Amino acid sequence: MRHVTQERALRTREKLFRAGAEVFDEFGYSGAGINKILERAGVTTSALYFHFESKEGLARAVMNAQPQAIEGMLHSEGLQRLVDITLVWAQRLQTDPVLRAGVRLSVEQGAFGVRDATAYLSWRGIMEGCLREAERNGELRCDLDLEEVAEFVVGACTGVQLYAQLVSGRQDLPKRTVRMWELLLPGVAVPEAAARMDLDPMRGISA
């Protein structure tokens, strides 16, 4: 009986999480009324407050789920893994409401009184891990500050997606992400490693 109850609770939480992401993606935090989320999820108000305590709590959960939405999809390593993270991210931002909502909430969070850098710091940590592996593999130029490089890539991706959202509705985001790497790789990778990086935007689907 306890197992059944736990499974039901997990399903309810997932319904709320998914519905919240879809509504945040469509309307932003301010326009995402609790009733809209509950109606989309098909659950009660008490269920929302049991699992997330508040609309803000739900928003934080969606906002900070971005890395988990991508990391498990990848099989590459080192510098190619870092590139692939950004290519998958660029592709998924066009179709995945959870990822889109997370990005939107991260950018808009100041408007609803939140200052939570968790998602950005998580991305930085993941990317720094890829860079450290790349360093061990001899793929990187000497004397790089890997934390600074990881932080720069996070910032660059954030800027590229915001620009792409405004000028093309993100339709050209994969292409712009590839161009970002074409400009960045010569500054961080040894020539041999830079030359063998696969920058095909379709890796965002198949990586």
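Residues numbered from 1 in each chain as written. Predicted model: local features only at pLDDT ≥ 70, side-chain atom pairs only at ≥ 80, totals over all residues. Heavy atoms only, no water.

Asker: So what about a nonpolar patch on the surface? Which residues, and what values?
Answerer: Together, Y163, L166 and V167 make up an exposed nonpolar region whose accessible area comes to about 370 Å². As for its position among the elements, L166 is in helix α9 (residues 146-168). The class for L166 is exposed, based on a relative accessible area of 76%. (Patch = residues over 30% accessible without salt bridge, like charges linked within 9 Å, V, L, I, M, F, W, Y side chains within 5 Å. Areas by Shrake-Rupley, 256 points an atom, 1.4 Å probe, with all protein chains shown as cover. Salt bridge = Lys/Arg side-chain N within 4 Å of Asp/Glu carboxyl O. Helix = DSSP H or I, 4+ residues; strand = E, 2+ residues; numbered from the N terminus. Buried < 20%, exposed > 50% of the residue type's maximum accessible area, 1.4 Å probe, protein only.)

Asker: Account for helix α2 (residues 34-41), naming residues and giving values.
Answerer: Looking at α2, one finds that the buried residues are I37, L38 and A41. Burial along α2 is one-sided: seen end-on, the buried residues are contained in an arc of 95°. Turned more than 90 degrees away from the buried face of α2 sit N35 and E39, all of them exposed. Positive backbone phi, approximately 70°, marks G42, located one or two places after α2. (Arc of directions from axis to C-beta.)

Asker: Describe the side chain of R170, listing the residues and the values that go with them.
Answerer: By the element assignment, R170 lies in the loop between α9 and α10 (173-188). Here R170 occupies a buried position and makes no salt bridge, while the nearest side chain of opposite charge, D25, is found at 5.5 Å. Within the structure, R170 has its side chain in polar contact with the side chain of Q161 (distance 3.0 Å). If near-sequence neighbours (up to four positions away) are discounted, R170 is found in contact with L93, Q94, R100, V103, Q161, A164 and Q165. (Lys, Arg positive; Asp, Glu negative; His and termini not counted. Polar contact = N/O pair within 3.5 Å; in protein donor to acceptor, adjacent residues only side chain to side chain. Contact = heavy atoms within 4.5 Å.)

Asker: Would you mind going over unusual backbone geometry in detail, with residue names and values included?
Answerer: For residues besides glycine, phi is generally negative; the peptide bonds are generally trans as well. Phi at E53 is positive, roughly 70°, even though this residue is not glycine. Structurally, the position occupied by E53 is in the loop between α3 (45-51) and α4 (55-63). A residue is classified by how much of its surface remains accessible, and E53, at 67% relative accessible area, is exposed. Phi at D143 is positive, roughly 65°, even though this residue is not glycine. Within the secondary structure, D143 sits in the loop between α8 (118-136) and α9. Looking at D143, the relative accessible area reads 81%, which means it is exposed.

Asker: Residues and numbers for the nonpolar core, please.
Answerer: Judged by nonpolar contacts, the single largest core of 41 residues is most densely connected at L79, W89, W123, M127, L131, W181 and L185. Of all the secondary structure elements, the ones that give two or more residues to this core are α6 (78-92), α7 (97-108), α8, α9 and α10. Here this core takes nine residues from α9, the largest share from any one element. Once residues lying within four places of it in the same chain are set aside, the contact partners of L79 are C130, L131, A134, E139, L140, L185, A189 and M197. (Core = buried A, V, L, I, M, F, W, Y, C linked by side-chain atoms within 4.5 Å.)

Asker: Kindly report on the pattern of salt bridges, identifying the contributing residues and their values.
Answerer: Applying the stated rule across the entire model yields 16 salt bridges. The partner of R104 in a salt bridge is E108, and the shortest N-O contact between them spans 2.8 Å. Of this pair, R104 and E108 both sit in helix α7, four residues apart, which is roughly one turn of that helix. The exposure class of E108 is partly exposed, given its relative accessible area of 28%. Of the charged contacts in the structure, one is a salt bridge between R179 and E182, with a shortest N-O distance of 3.1 Å. Within this pair, R179 and its partner E182 are both found in helix α10, separated by three residues, close to a single helical turn. Given the relative accessible area of 46%, R179 is considered partly exposed. Given a relative accessible area of 40%, E182 falls into the partly exposed group. Through salt bridges that share partners, R18, E22, E26 and R40 make up one connected network.

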